Amino acid sequence: MADSSEQLELFSPETAVLPDYRIRESDRARHVSIKVHLNGQIEVVVPQGFDQHQVPELLYRRRDWLWRSRQRLAHQTAGLTDNHFEEKPGQIEVRSRHQTWQVNYQPATTRTLAMTQSGPQTLLLRGPIDNSAACGDLLRQWLSRKARAEFAPWLRELSFVINLPFSRISIRGQKTRWASCSSNKNISLNYKLLFLPPELVHYVFVHELCHTVHMNHSAAFWQLVEEKQPGHQRFRDEIRDGWQYVPRWVED
């Protein structure tokens with residue numbers, strides 16, 4: 001992961017000065033994506049082999065969006081505790097279902113870290129809890145199971161309502177995609193959708209179900225999306241900022 005060579009402190013649309021950012025190459029990325037994390041950090045994900053000298057120009061083109069995103073995040077995180085930025089979260093906020101899960105940690109001399117549900121919305125990690133990477137792995141596994149339990153019936157019901165059938169559903173932790181649909185009408189959902197507001201999750205579902213008819217982003221595809229979700233452009237715009245909802249520990 002490469003840091004930007006420019007270390008500029010000020011940023012505004014008026015001065016057009018770029019903020020600090022970091023670049024991450026991904027073998028899964030097919031295009032460049034820009035993410036603004038909750039802590040204000042800007043990450044540019046690029047496909048392998050991409051000419052990174054083009055990144056400053058790309059950021060310059062989206063300077064107004066970057067400015068608005070950072071201003072909005074500063075407002076949203078003003079009252080948050082440091083738990084949102086810790087490697088081991090104290091809480092997990094599942095916005096798609098308006099749930100907040102408490103995460104408790106219990107040190108033990110056992111060599112294996114274990115996680116159990118100790119209450120209605122409480123998770124307990126017991127063992128060598130100083131191993132942040134292992135804690136993160138278990139929590140991401142829990143997110144995957146949680147996403148399947150929440151999203152599978154939701155997607156099936158929506159598929160029936162808008163009359164766009166699909167074949168199978170899978171859950172993954174993609175770095176640059178919220179979801180995807182194969183030519184066999186298999187839909188893969190990102191468990192990070194759990195952190196998005198429900199209206200954005202709904203839009204992602206509609207988007208992917210429309211791909212069961214059009215495996216592209218043609219005019220016909222967007223016409224179908226609008227037919228199935230009138231006024232979709234609002235959510236199409238908002239989903240571009242969706243990564244801001246994903247806690248930092250999930251991406252580590």
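Quick note: structure is the one above.
Remember, it's a predicted structure, so these values are computed and weren't measured experimentally. (Residues numbered from 1 in each chain as written. Predicted model: local features only at pLDDT ≥ 70, side-chain atom pairs only at ≥ 80, totals over all residues. Heavy atoms only, no water.)

Brief notes about the overall build of the protein chain
Short version of the rule: In DSSP terms, a helix is any run of H or I states spanning at least four residues, a strand is any run of E spanning at least two, and both are numbered starting from the N terminus. Only protein chains enter the accessibility calculation, which uses a 1.4 Å probe. A residue is then buried if its area is under 20% of the maximum for its type, exposed if over 50%, and partly exposed in between. The criterion used for residue contact is that any of the two residues' heavy atoms lie within 4.5 Å. The Shrake-Rupley method, run with a 1.4 Å probe sphere, supplies the accessible areas, and residue values consider only the shown protein chains as cover.
On a plain count of helices and strands, the protein chain comes out with 7 helices and 11 strands. Within the protein chain, the fraction of its 252 residues that count as buried is 47%. Counting contacts in the protein chain only where the partners sit at least 6 residues apart, residues at least 24 apart contribute 47% of the total. Working note: accessible area of the protein chain is about 13400 Å², and carbon and sulfur atoms make up 47% of it.

Some remarks on the sheet that holds strand β9 (residues 169–172)
Backbone-to-backbone hydrogen bonds pair the strands of a sheet. The strands run either parallel or antiparallel. Put simply, the rule reads: For two strands to be treated as a pair, DSSP must find at least two bridges joining them. Geometry is summarised by axes, namely lines fitted to C-alpha atoms with helices restricted to the contacting stretch, and by angles between N-to-C directions that run from 0 to 180 degrees.
What the 3 strands build is an open sheet, ordered β9-β11-β10; its pairing is mixed. With one partner strand each, in any of the chains shown, β9 and β10 (179–181) form the two edges of the open sheet. Along the sheet, successive strands turn relative to each other by an average axial angle of 15°, direction set aside. Bridge count for β10 against strand β11 (residues 187–190) is 3 bridges, and the pairing is antiparallel. Following the sheet pairing, S180 is matched in β11 by S188. Those strands touched by helix α3 (residues 132–161) are β9 and β11, and its axis lies near 150° from that of β9. Running over the sheet, helix α4 (residues 198–210) touches β10 and β11 and is turned about 20° from β10.

Notes on the nonpolar core
To be explicit about the condition: Put simply, a nonpolar core is a bunch of buried Ala, Val, Leu, Ile, Met, Phe, Trp, Tyr and Cys residues held in one set by side-chain atoms that sit within 4.5 Å of each other.
In this structure, I92, L143, F151, L189, L193 and F205 are the most contacted members of the largest nonpolar core, which totals 54 residues. Here the element with the most residues in this core is α3; it accounts for 11 residues. Once residues within four sequence positions are removed from consideration, L193 is found in contact with S96, F151, W178, V201, V204 and F205. With 12 residues, the next largest nonpolar core counts L18, V44, V46 and W65 among its residues.

Comments concerning the pattern of salt bridges
To keep things clear, this is the line we draw: Here a salt bridge means any side-chain nitrogen of Lys or Arg lying within 4 Å of a carboxyl oxygen belonging to Asp or Glu.
On inspection of all chains with the given rule, the structure shows 10 salt bridges. One salt bridge in this structure joins R95 and E93, with 3.8 Å as the shortest N-O distance. You can call R95 partly exposed: its relative accessible area is 21%. Residue E93 is classed as partly exposed on the basis of its relative accessible area, which comes to 35%. Residues E150 and R97 are paired through a salt bridge, measuring 2.8 Å at the closest nitrogen-oxygen approach. Of the two residues, E150 is situated in helix α3 and R97 in the loop between β5 (91–94) and β6 (99–107); the sequence distance between them amounts to 53 residues. R97 sits in the partly exposed class, given a relative accessible area of 35%. One connected set of salt bridges, linked through shared partners, spans R22, R24 and E43.

Some words on the packing of α4 against helix α5 (residues 219–228)
Cut-off, in case you're wondering: Orientation categories follow fixed angle ranges, with anything under 35 degrees roughly parallel, anything over 145 roughly antiparallel, 65 to 115 roughly perpendicular, and all other angles oblique. Crossings are classed by handedness, with left-handed meaning an anticlockwise turn of the near helix from the far one by less than a right angle and right-handed meaning a clockwise turn.
At a minimum axis separation of 9 Å, α4 and α5 run at an interaxial angle of 135°. Looking at the two axes, α4 sits oblique to α5. Seen along the crossing, α4 lies across α5 with a hand that is right-handed. Between α4 and α5, the residues in contact are Y203, V206, H207 and C210 and F221, W222, L224, V225 and K228, respectively.

Digging into the packing of α3 against α4
Which entries qualify depends on this criterion: Following the grouping adopted for this structure description, the nonpolar residues are Ala, Val, Leu, Ile, Met, Phe, Trp, Tyr, Cys and Pro, the charged ones are Asp, Glu, Lys and Arg, and the polar ones are all others, Gly among them.
Where α3 meets α4, the axes come as close as 10 Å, and the angle between the chain directions of the two elements is 60°. Our classification of the angle between α3 and α4 gives oblique. For the crossing formed where α3 meets α4, the hand is right-handed. Here F151, W154, L155, L158 and S159 of α3 come into contact with α4, specifically with P198, V201, H202, F205, V206 and L209. A breakdown of the residues in the contact of α3 with α4 according to their chemical character gives 9 nonpolar, 2 polar and no charged.

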